[in-house]
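What follows is the residue order along each chain.
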Amino acid sequence: MATSAQTDGDTAADAQAVGLVTRLIRGNIELWANLLVITWAIVFFVWQGTGFAITVGTVFAIWAILAVSLNLVVGFTGLLSVGHVGFFGIGAYTMAVLTSDASYEAARTDAIPTYGWPFFAALPVSVVLAGLVAIVVGVAFNRFRDDIFVLVSFGFAIIAFNTFLNLREITRGAFGIHEIERPAIGGWVIDGELEFLLFSLGALALVVLVSWLVVTSSFGRVLTAIREDEEAIAVFGYQVTHYKLAIWVISAMMAGLAGGLLASWTSFIDPNSFILLESMLLVSIVILGGLATIWGSLLGAMAFVLMEEGMRFLPFIPPEYVGQARQIVLGVLLVLLMLFRPQGLVGRYRL
């Protein structure tokens, strides 16, 4: 009988130890997620070399700007938008139209207007135009909430894509726009990959700073309150529609900035860069990293870029199926997150 009691005591102690370890792991999931993604990034960059790391870093910077901007709307305000890619495209096409000299294509297609603006003159226009469109769209969208808001933002993404595709007099439609201007300061052109990476990281740092100032201010606290209970915050006299419109416009302007950077970096854009799938991937990045956290957006963007680029080097996946495999893996990750970690890797709230 004494042996049986001792065995029961040992079993209970083992169960307590297992429970303690489980709680420690769950309590430090954010730490593990950070360590995993950062270690993964370091190993991958060392493995592939400096040149590839610079390219991946530039892609990360652009996607991170988009993720941070969208998280202001989805994570902090609670407005699930799938139309962010429209503002991204507006910024890119504004940069392309204002800086490209497309006269060399006149023999193949109808010529489009060319202005020959420098990059730093066109970039503010890209940002402002995205914001102006956001004002018009936001005024119409402010009357909608929840599922209806998702549907109307979905419609905006489709309208934006079809505008890019069919407004051939300005966008050249499916032919796209070539030879988009690189940033230049005086006689120094930022055309090297490392220089453009540093420039993009500087733009990302600016976006992160602005976002941090927004979410830590009284304005940001009102946004979080709107997320929790829009009707309750309206009772205290806050103009909820004004706050929602303001953060919508700020987010769109950041997306326009990312679009301008993308157009300049790739030197070519076409409507296929701004399909609805890109917007869904962006929402997935925000969910993956975590809602209502700027660091989560950065972490989610890095994890996504590493997955997207890393799967190209898996020997058991044929090159023609890499794109489909990426979508499958991302879908599985999102399902697992919804089951076991609905707030994302380092998020504060559930979707």
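Heads up: these notes are all about the structure in this document.

About the cut-offs
Residues numbered from 1 in each chain as written. Predicted model: local features only at pLDDT ≥ 70, side-chain atom pairs only at ≥ 80, totals over all residues. Heavy atoms only, no water. Helix = DSSP H or I, 4+ residues; strand = E, 2+ residues; numbered from the N terminus. Buried < 20%, exposed > 50% of the residue type's maximum accessible area, 1.4 Å probe, protein only. 1 Å grid on protein atoms, 1.4 Å probe; cavity = no way out; pocket = protein on both sides within 12 Å on 5 of 7 lines; lining within 4 Å. Points joined across faces, edges and corners; volume = space filled by probe spheres on them. Salt bridge = Lys/Arg side-chain N within 4 Å of Asp/Glu carboxyl O. Phe/Tyr/Trp six-rings, centres within 6.5 Å; stacked < 30°, edge-to-face > 60°. Expected span 1.5 Å × (residues − 1). Polar contact = N/O pair within 3.5 Å; in protein donor to acceptor, adjacent residues only side chain to side chain. Core = buried A, V, L, I, M, F, W, Y, C linked by side-chain atoms within 4.5 Å. Contact = heavy atoms within 4.5 Å. Patch = residues over 30% accessible without salt bridge, like charges linked within 9 Å, V, L, I, M, F, W, Y side chains within 5 Å. Areas by Shrake-Rupley, 256 points an atom, 1.4 Å probe, with all protein chains shown as cover.

Things to note about the side chain of Thr224
Part 1 of the argument: The residue Thr224 is located in helix H9 (residues 218-228) in this model.
Part 2 of the argument: For Thr224, a relative accessible area of 17% puts it in the buried group.

Side note on empty space enclosed by the protein
Part 1 of the argument: Scanning the model with the defined rule gives 1 cavity of 30 Å³ or more in all.
Part 2 of the argument: Within this model, the largest cavity holds a volume of roughly 60 Å³.
Part 3 of the argument: Lining the largest cavity are Leu79, Gly138, Phe141, Asn142, Phe144, Phe149, Lys244, Leu245 and Trp248.
Part 4 of the argument: Among the elements of the structure, helix H5 (119-141) and helix H11 (240-266) are those that each provide at least two residues to the lining of the largest cavity.

Concerning the pattern of salt bridges
Part 1 of the argument: Taken as a whole, this structure holds 5 salt bridges when the rule is applied.
Part 2 of the argument: Ionic pairing is found between Glu230 and Arg145, a salt bridge with its closest N-O pair at 3.5 Å. Of this pair, Glu230 sits in helix H10 (residues 230-235) while Arg145 sits in the loop between H5 and helix H6 (146-166), placing them 85 residues apart in sequence.
Part 3 of the argument: Accessibility expressed as a relative area gives 36% for Arg145, which makes it partly exposed.
Part 4 of the argument: In this structure, Arg182 and Glu193 form a salt bridge, with 3.8 Å as the shortest nitrogen-oxygen distance. Note that Arg182 is positioned in the loop between strand E1 (177-178) and strand E2 (184-185) and Glu193 in helix H8 (residues 193-215), a separation of 11 residues in sequence.
Part 5 of the argument: For Glu193, a relative accessible area of 32% translates into the label partly exposed.
Part 6 of the argument: Through salt bridges with shared partners, a single network forms among Arg145, Glu230, Glu231 and Lys244.

A few points about the packing of aromatic side chains
Part 1 of the argument: This structure, assessed with the given rule, holds 16 aromatic pairs.
Part 2 of the argument: Centroid distance Phe88 to Phe274: 5.4 Å. Interplanar angle 75°. Geometry classified as edge-to-face. With Phe88 in helix H4 (residues 84-99) and Phe274 in the loop between strand E4 (268-269) and helix H12 (276-289), this residue pair connects regions lying 186 residues apart in the sequence.
Part 3 of the argument: On the basis of relative accessibility, which here comes to 6%, the residue Phe88 falls in the buried class.
Part 4 of the argument: Ring centres of Phe120 and Phe199 lie 5.7 Å apart, and the angle between their planes is 85°; this geometry places the pair in the edge-to-face category. Of this pair, Phe120 sits in helix H5 while Phe199 sits in helix H8, placing them 79 residues apart in sequence.
Part 5 of the argument: Members of the aromatic cluster, each reached through a chain of ring pairs, are Phe87, Phe141, Phe149, Phe156 and Trp248.

Regarding unusual backbone geometry
Part 1 of the argument: A positive phi angle is found at Arg172, which is not glycine, with a value near 60°.
Part 2 of the argument: Within the fold, Arg172 resides in the loop between helix H7 (168-171) and E1.
Part 3 of the argument: Phi is positive for Ala292, close to 60°, though the residue is something other than glycine.
Part 4 of the argument: Mapped onto the elements, Ala292 comes out in the loop between H12 and helix H13 (294-310).

Things to note about H13
Part 1 of the argument: An ideal rise of 1.5 Å per residue puts 24 Å on 17 residues; H13 measures up with 24 Å between its terminal C-alpha atoms.
Part 2 of the argument: The element H13 is extensively covered by neighbouring structure, given that 16 of its 17 residues are classed as buried.
Part 3 of the argument: Put simply, Thr293 is the residue that caps the front of H13, since its side-chain oxygen is 3.4 Å from the backbone nitrogen of Trp295.

Some points on the environment of Ala303
Part 1 of the argument: You can see Ala303 is positioned in helix H13.
Part 2 of the argument: For the pair Ala303 and Leu36, spaced 267 residues apart in the sequence, the C-alpha separation amounts to 9.4 Å.

Looking at the layout of surface pockets
Part 1 of the argument: Approximately 510 Å³ is the volume attributed to the largest pocket.
Part 2 of the argument: Elements with a minimum of two residues in the lining of the largest pocket: helix H3 (50-74), H11, E4, H12, H13 and helix H14 (322-340).

Topic: the nonpolar core
Part 1 of the argument: Trp63, Phe87, Phe88, Trp248, Ile269, Phe274 and Phe304 are the most contacted members of the largest nonpolar core, which totals 100 residues.
Part 2 of the argument: The element contributing the most residues to this core is H3, with 15 residues.
Part 3 of the argument: Ignoring any residue separated from it by four or fewer positions in sequence, one finds Ile269 in contact with Ala92, Tyr93, Ala96, Gly176, Ile177, Ile180, Ala263 and Phe274.

Things to note about a nonpolar patch on the surface
Part 1 of the argument: Together, Tyr115, Trp117, Val125, Val128, Leu129, Leu132, Ile135 and Val139 give the surface a local cluster of nonpolar side chains, amounting to about 670 Å² of exposed area.
Part 2 of the argument: Here Val125 shows up in helix H5.
Part 3 of the argument: The exposure class of Val125 is partly exposed, given its relative accessible area of 30%.

By themselves, these are just geometric observations and shouldn't be taken as functional.
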